[in-house]
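Fold and contact review
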Amino acid sequence: MEKIFYVEKQKASNLYRAAGNSEFRYIELTGKETKKKFIFHSFQLLFPQEGTIRITSKDFSPVEMNNREGLLLPKETPIKIEVQQKATILLFNLDVLSTICEKDRYRMYYQHSQIILYDFTPTPLKQSIIDFTRQMVYHLKHGLNCEPFHELKGKELLLLLQAYYSHEEMAFYCIRS
């Protein structure tokens, strides 16, 4: 494993983040945790990395996902993630979009989001997003978990979504209650 000198410096500062405070979170689920319950208090984008996961919710039909799909998780919706043996996921807290993205650009997608009926269906990921999530997991696993890094990568994810998805597709990621 490569040593990241920046991490050692950041751990001593107030910029270093605890796992629960981050825009990005990497979670490993093993066979011992075949079913894990979550309730998120903000919208989350879920990106499976390894293995197949099954997500169930009392409000939606169950979905199975792999590492080529993403899913918007509504806030305050209890979900259960099931795995067969081992699975890993990357979560991105969508609430930070309001601080990351300029207000005018965000409003541009709002008109498209008015016509979207959310149905808990995974979205196929473009290769650029798959590559981004793999790189993000690599850095999180190596301890690069500081505020400037999360802010920069949040901006990068938003830019990639804007670059590779249409306005209608992008509106899906900007849905708010």
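What counts as what
- Residues numbered from 1 in each chain as written.
- Predicted model: local features only at pLDDT ≥ 70, side-chain atom pairs only at ≥ 80, totals over all residues.
- Heavy atoms only, no water.
- Pairing = 2+ DSSP bridges.
- Helix = DSSP H or I, 4+ residues; strand = E, 2+ residues; numbered from the N terminus.
- Axes fitted to C-alpha atoms, helices over the stretch in contact; angles between N-to-C directions.
- Expected span 1.5 Å × (residues − 1).
- Buried < 20%, exposed > 50% of the residue type's maximum accessible area, 1.4 Å probe, protein only.
- Salt bridge = Lys/Arg side-chain N within 4 Å of Asp/Glu carboxyl O.
- Phe/Tyr/Trp six-rings, centres within 6.5 Å; stacked < 30°, edge-to-face > 60°.
- pLDDT = per-residue confidence, 0-100.
- Parallel < 35°, antiparallel > 145°, perpendicular 65-115°, else oblique.
- Contact = heavy atoms within 4.5 Å.
- Nonpolar A, V, L, I, M, F, W, Y, C, P; charged D, E, K, R; others polar.

Considerations on the sheet that holds strand β2 (residues 35-38)
- If you walk across this open sheet you meet the four strands as β2-β7-β4-β5, and the pairing is antiparallel. The outermost strands of the open sheet, each flanked by one partner alone, are β2 and β5 (60-65). Looking at each pair of strands side by side, their axes are set apart by 20 degrees on average, direction ignored.
- In this sheet, strand β7 (residues 79-83) lies alongside β2 in antiparallel orientation, the contact comprising four bridges. Looking at β7, one finds that K37 is bridged to K80.

So, helix α5 (residues 147-164)
- Helix length check: α5, at 18 residues, gives a terminal C-alpha distance of 26 Å against a target of 26 Å (1.5 Å per residue), a fit within 8%.
- Restricting attention to buried positions, one finds in α5 the residues F149, H150, K153, G154, L157, L158, L160, L161 and Q162.

Some words on the sheet that holds strand β1 (residues 24-29)
- Strand order across the open sheet formed by five strands is β1-β8-β3-β6-β9, with antiparallel pairing between neighbours. Whereas interior strands pair on both sides, the edge strands pair on one side only; in this sheet they are β1 and β9 (123-124).
- Judged from the six bridges that link them, β1 and strand β8 (residues 87-93) form a sheet pairing that is antiparallel. Across the sheet, the residue bridging to Y26 is L90, located in β8.

Here we look at the pattern of salt bridges
- If you walk through the whole model with that rule in mind, you get two salt bridges.
- The closest approach of N and O atoms between K58 and D59, which form a salt bridge, is 3.7 Å.
- With relative accessibility at 70%, the residue K58 sits in the exposed group.

Remarks on the packing of aromatic side chains
- Scanning all chains against the criterion turns up three aromatic pairs.
- Ring plane angle 35 degrees and centroid distance 4.6 Å describe the contact between F24 and F92, whose orientation is recorded as tilted. Taken together, the residues span a long stretch of sequence, with F24 in strand β1 and F92 in strand β8 at a distance of 68 residues. Both residues of the pair, F24 and F92, belong to the buried class.
- An angle of 10 degrees between the planes, with centres 5.4 Å apart, marks the rings of F38 and F40 as stacked. There is no split in this pair, since F38 and F40 are both buried.
- The rings of F24, F92 and F132 are connected pair by pair, giving a single aromatic cluster.

Things to note about the confidence of the model for the protein
- Mean pLDDT over the protein: 77, with 68% of residues reaching 70 or higher.
- For the protein, per-element mean pLDDT is lowest for helix α2 (residues 97-100), which scores 53, and highest for helix α4 (residues 127-141), which scores 94.

A few points about the packing of α4 against α5
- Interhelical geometry of α4 versus α5 gives an angle of 170 degrees and a closest axis separation of 10 Å. Regarding the angle of α4 to α5, the classification is roughly antiparallel. For the pair α4 and α5, contact is made by S128, I129, F132, Q135, M136, H139 and L140 and by F149, H150, K153, E156, L157, L160, L161 and Y164, respectively.
- Split by residue class, the contact of α4 with α5 holds nine nonpolar, four polar and two charged.

Quick notes on the side chain of T133
- With respect to the element layout, T133 can be found in helix α4.
- Since its relative accessible area comes to 2%, T133 is described here as buried.
- If near-sequence neighbours (up to four positions away) are discounted, T133 is found in contact with F47, Q49 and L90.

Section: unusual backbone geometry
- A positive phi angle is found at E76, which is not glycine, with a value near 65 degrees.
- As for its position among the elements, E76 is in the loop between β6 (69-73) and β7.

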